[in-house]
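Observations on chain architecture
Here are the chains, one letter per residue:
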Amino acid sequence: MPTTVVTRDRYRDDPSVMTVLRTPRLLTREALAGLVVALALIPEAISFSIIAGVDPQVGLFSSFVMAVTIAVVGGRPAMISAATGAVALVIAPIMRDHGFDYFIATVLLAGVLQIVLAVLGVAKLMRFIPRSVMVGFVNALAILIFLAQLPHLVGVPWLVYPLVAVGILIMVLMPRVTKVVPAPLVAIVLLSAAVLAFGWSVPNVADQGELPRSLPELFLPAVPLSLETLGIIGPTALAMALVGLMESLMTAKLVDDVTDTRSDKTRESWGQGVANVLSGLFGGMGGCAMIGQTMINVKASGARSRVSTFLAGLFLLILVVVLGDIVGLIPMAALVAVMVMVSVGTFDWHSIQPGTLKRLPVSETLVMVITVAVVVATHNLAIGVIVGVVAAMVLFARRVAHFQSVTREVRESDGGVAVHYTVEGELFFASSNDLTTQFAYTDDPDHVVIDLSRSHIWDASTVAALDAIETKYERLGKRVELHGLNAASASMRDRMSRQLGGEG
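Predicted, not measured: the structure shown is a model, and the values here were computed from it. (Residues numbered from 1 in each chain as written. Predicted model: local features only at pLDDT ≥ 70, side-chain atom pairs only at ≥ 80, totals over all residues. Heavy atoms only, no water.)

1. Section: the side chain of Q272
Tracing the sequence through the fold places Q272 in helix 10 (residues 265–281). Q272 sits in the buried class, given a relative accessible area of 0%. At a separation of 2.8 Å, a polar atom in the side chain of Q272 contacts the side chain of S81. Setting aside its immediate chain neighbours within four residues, Q272 contacts M66, I70, M79, S81, Q114, L245, S248, G287, C288 and A289. (Helix = DSSP H or I, 4+ residues; strand = E, 2+ residues; numbered from the N terminus. Buried < 20%, exposed > 50% of the residue type's maximum accessible area, 1.4 Å probe, protein only. Polar contact = N/O pair within 3.5 Å; in protein donor to acceptor, adjacent residues only side chain to side chain. Contact = heavy atoms within 4.5 Å.)

Right under this line is the structure:
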């Protein structure tokens, strides 16, 4: 009798929002994590606004709208989405050349394109990203997070350095004492209190830009609905959509690994689109998942649910609109210390240990290094991942090409002498190009048997190579038999044989 197996939804939130709201311990953890993330978001959002060429409130409001929206519609609980540097770099030329209305129209179109791409199943492409590229992505992010702190450590009062050191020390030692309160929050509070109590003059959040004093308002861009407008914003919107999706899906996969859970990448893809559309409607610059803040939330603070993401957005709005004067007094040294610890915690140190490098194939290590180098050089995660994937494909094809082998054996029977070739391995463009050179055309007897039972035909290049082999033998008046093709290989050869041209 057949047995029906009932399985849990593989994407169910754990813990669920209702579980968090009913459990004071979990709610406290998620709320404190959201507060730490909100504090770290303020200087980041301001700096990304400057990169994009817009007022600080554009990045801050965008971060609020995206965090709150993605907490509801996103597919990866506890992941933080907000204004990001990668998106700011992509969209900045529109602001510079065409103004704010076209800027917002680009954000709106990018969001719509992300929803369309999600429906088309772009999230499924994540399975083609190798582990070596993922490790390179993580290590490059850690390096970029650290490099982003250097401007706050150069040309500053000497007091900044001991403050950063003390902040790092607090975050190292605090978890050994208690994990009830996130160590980053303790560091921020203690350093802020020390600076205010002793009246030290060090850079603070207020120095990064003016904080908004009012709530975000609905904004509709005044641009003509024409092909000319589409020509202006279309390419940039598509680039923004692709960069945002790639960073978000890669970050979601990283959080999956950290938390040992699975997330709905398709839901995350269209959720990013919805968040960008709403961000644009409220005059925001859009964005995507933020690896640094996500690691603060998940690794440093231990958050696991959508509640922390929602509260991060809500706390951000309260901090900048209601408590802006107080937030402005937080020393940048405290936030720099938090981000340095995030950088150290994000980097995969195991990947560069001598033992690991010795065990891994050279090609795997090379792909990781290429990914890191491209990301750090371009400050663009999407470009680095694309280059890394292409490098992995090329190196994999090169390695697999050598798995193909051909053995030759001359056999005598009552029917005469025949030569038997046994072809083993996967036959595709990289391996089949050399296939034609492994036969002794002139020296072989009149009867040639090629055994393909231990191989598989994957593409037209292999069919063309087999046609070329047959043609060479036929020109010498010799008979060729192909044996052992599996059903898929035989079907492909029957469809394409002698139809590709250029045999021989």
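2. What about the packing of helix 3 (residues 56–73) against helix 12 (residues 306–321)?
One can describe the packing of helix 3 onto helix 12 by two numbers: an axis separation of 8 Å at closest approach and a directional angle of 155 degrees. Judged on the interaxial angle alone, helix 12 and helix 3 are roughly antiparallel. With respect to the hand of their crossing, helix 3 and helix 12 are arranged in left-handed fashion. Listed contacts from helix 12 to L60, F61, S63, F64, A67, V68, I70, A71 and V72 of helix 3 are R306, T309, F310, G313, L314, L316, L317, V320 and V321. Class assignment for the residues of the contact of helix 3 with helix 12 results in 14 nonpolar, three polar and one charged. (Axes fitted to C-alpha atoms, helices over the stretch in contact; angles between N-to-C directions. Parallel < 35°, antiparallel > 145°, perpendicular 65-115°, else oblique. Left-handed = near helix turned anticlockwise from the far one by under 90°. Nonpolar A, V, L, I, M, F, W, Y, C, P; charged D, E, K, R; others polar.)

3. Some details on the pattern of salt bridges
Here the structure, examined in full by the defined rule, presents 11 salt bridges. For D325, the salt bridge is made with R213, and the minimal N-O distance between the two is 3.2 Å. Taken together, the residues D325 in helix 13 (residues 324–327) and R213 in the loop between helix 8 (183–198) and helix 9 (227–259) connect sequence positions 112 residues apart. For D325, a relative accessible area of 52% translates into the label exposed. In this structure R213 comes out as exposed when scored by relative accessible area, which is 58%. Note that R408 and D444 form a salt bridge whose closest N and O atoms lie 2.6 Å from each other. (Salt bridge = Lys/Arg side-chain N within 4 Å of Asp/Glu carboxyl O.)

4. Concerning helix 4 (residues 85–98)
The end-to-end C-alpha distance of helix 4, which contains 14 residues, comes to 20 Å, matching closely the 20 Å that a straight helix rising 1.5 Å per residue would cover. Most pronounced at I91, the bend in helix 4 amounts to some 40 degrees, and the proline P93 follows within four residues. Of all the residues in helix 4, the buried ones are G85, A86, V87, A88, V90, I91, A92 and I94. Contacts from the buried residues of helix 4 go to helix 2 (24–52), helix 5 (100–119), helix 9 and strand 2 (288–289). The N-capping residue of helix 4, defined by a side-chain oxygen 3.5 Å from the backbone nitrogen of V87, is T84. (Expected span 1.5 Å × (residues − 1). Bend = angle between axes of the 7 residues up to and from the residue.)

5. Focus on the confidence of the model for the chain
Mean pLDDT over the chain works out to 88, with 96% of the residues at or above the 70 mark. The model gives residues 1–8 a pLDDT under 50, and that stretch makes zero contacts with residues more than four places away or in other chains. (pLDDT = per-residue confidence, 0-100.)

6. What about the pairing of strand 6 (residues 479–483)?
Pairing analysis gives five bridges linking strand 5 (residues 447–457) to strand 6, with the strands arranged parallel. Bridging from a neighbouring strand, D451 pairs with H483 of strand 6. The β-α-β motif built from strand 5, the intervening helix 19 (residues 460–475) and the parallel element strand 6 has right-handed crossover chirality. (Pairing = 2+ DSSP bridges. Right-handed = clockwise from strand over helix to strand, strands pointing away.)

7. Things to note about the layout of surface pockets
As a volume, the largest pocket reaches approximately 740 Å³. Of all the elements in the fold, those that place two or more residues in the lining of the largest pocket are helix 2, helix 4, helix 6 (131–147), helix 11 (291–300) and helix 14 (332–346). No other element matches helix 2, which puts seven residues into the lining of the largest pocket. Among the residues making up the lining of the largest pocket, the classes are represented as 21 nonpolar, nine polar and two charged. Reported here for the second largest pocket is a volume of approximately 530 Å³. For the lining of the second largest pocket, the elements supplying multiple residues, two or more each, are helix 2, helix 7 (160–177), helix 8, helix 11 and helix 14. (1 Å grid on protein atoms, 1.4 Å probe; cavity = no way out; pocket = protein on both sides within 12 Å on 5 of 7 lines; lining within 4 Å. Points joined across faces, edges and corners; volume = space filled by probe spheres on them.)

8. Some thoughts on unusual backbone geometry
Omega for the bond connecting D14 with P15 falls within 30 degrees of zero, at 5 degrees, which places this linkage in the cis form. Unlike most non-glycine residues, A78 shows phi in positive territory, near 75 degrees. For A78, the position within the fold is in the loop between helix 3 and strand 1 (81–82). What makes A78 buried here is its relative accessible area of 2%. Phi is positive for D260, which is not a glycine, with a value near 55 degrees. Mapped onto the elements, D260 comes out in the loop between helix 9 and helix 10. Given a relative accessible area of 72%, D260 falls into the exposed group.

9. Considerations on the packing of aromatic side chains
As enumerated under the stated definition, the model contains nine aromatic pairs in all. Measuring from ring centre to ring centre gives 5.9 Å for F100 and F103, while their planes differ by 15 degrees; the resulting arrangement is stacked. One end of the pair, F100, and the other, F103, are both in helix 5, three residues apart, so they sit about a helical turn from each other. The class of F103 is buried, set by a relative accessible area of 0%. Ring centres of F439 and Y473 lie 6.5 Å apart, and the angle between their planes is 90 degrees; on these two criteria the pair is classed as edge-to-face. Here the residue F439 occupies a position in the loop between helix 18 (429–432) and strand 5, and Y473 occupies one in helix 19, the gap between them amounting to 34 residues. You can call Y473 buried: its relative accessible area is 0%. A connected cluster of aromatic rings, assembled from ring pairs, spans Y421, F439, Y441 and Y473. (Phe/Tyr/Trp six-rings, centres within 6.5 Å; stacked < 30°, edge-to-face > 60°.)

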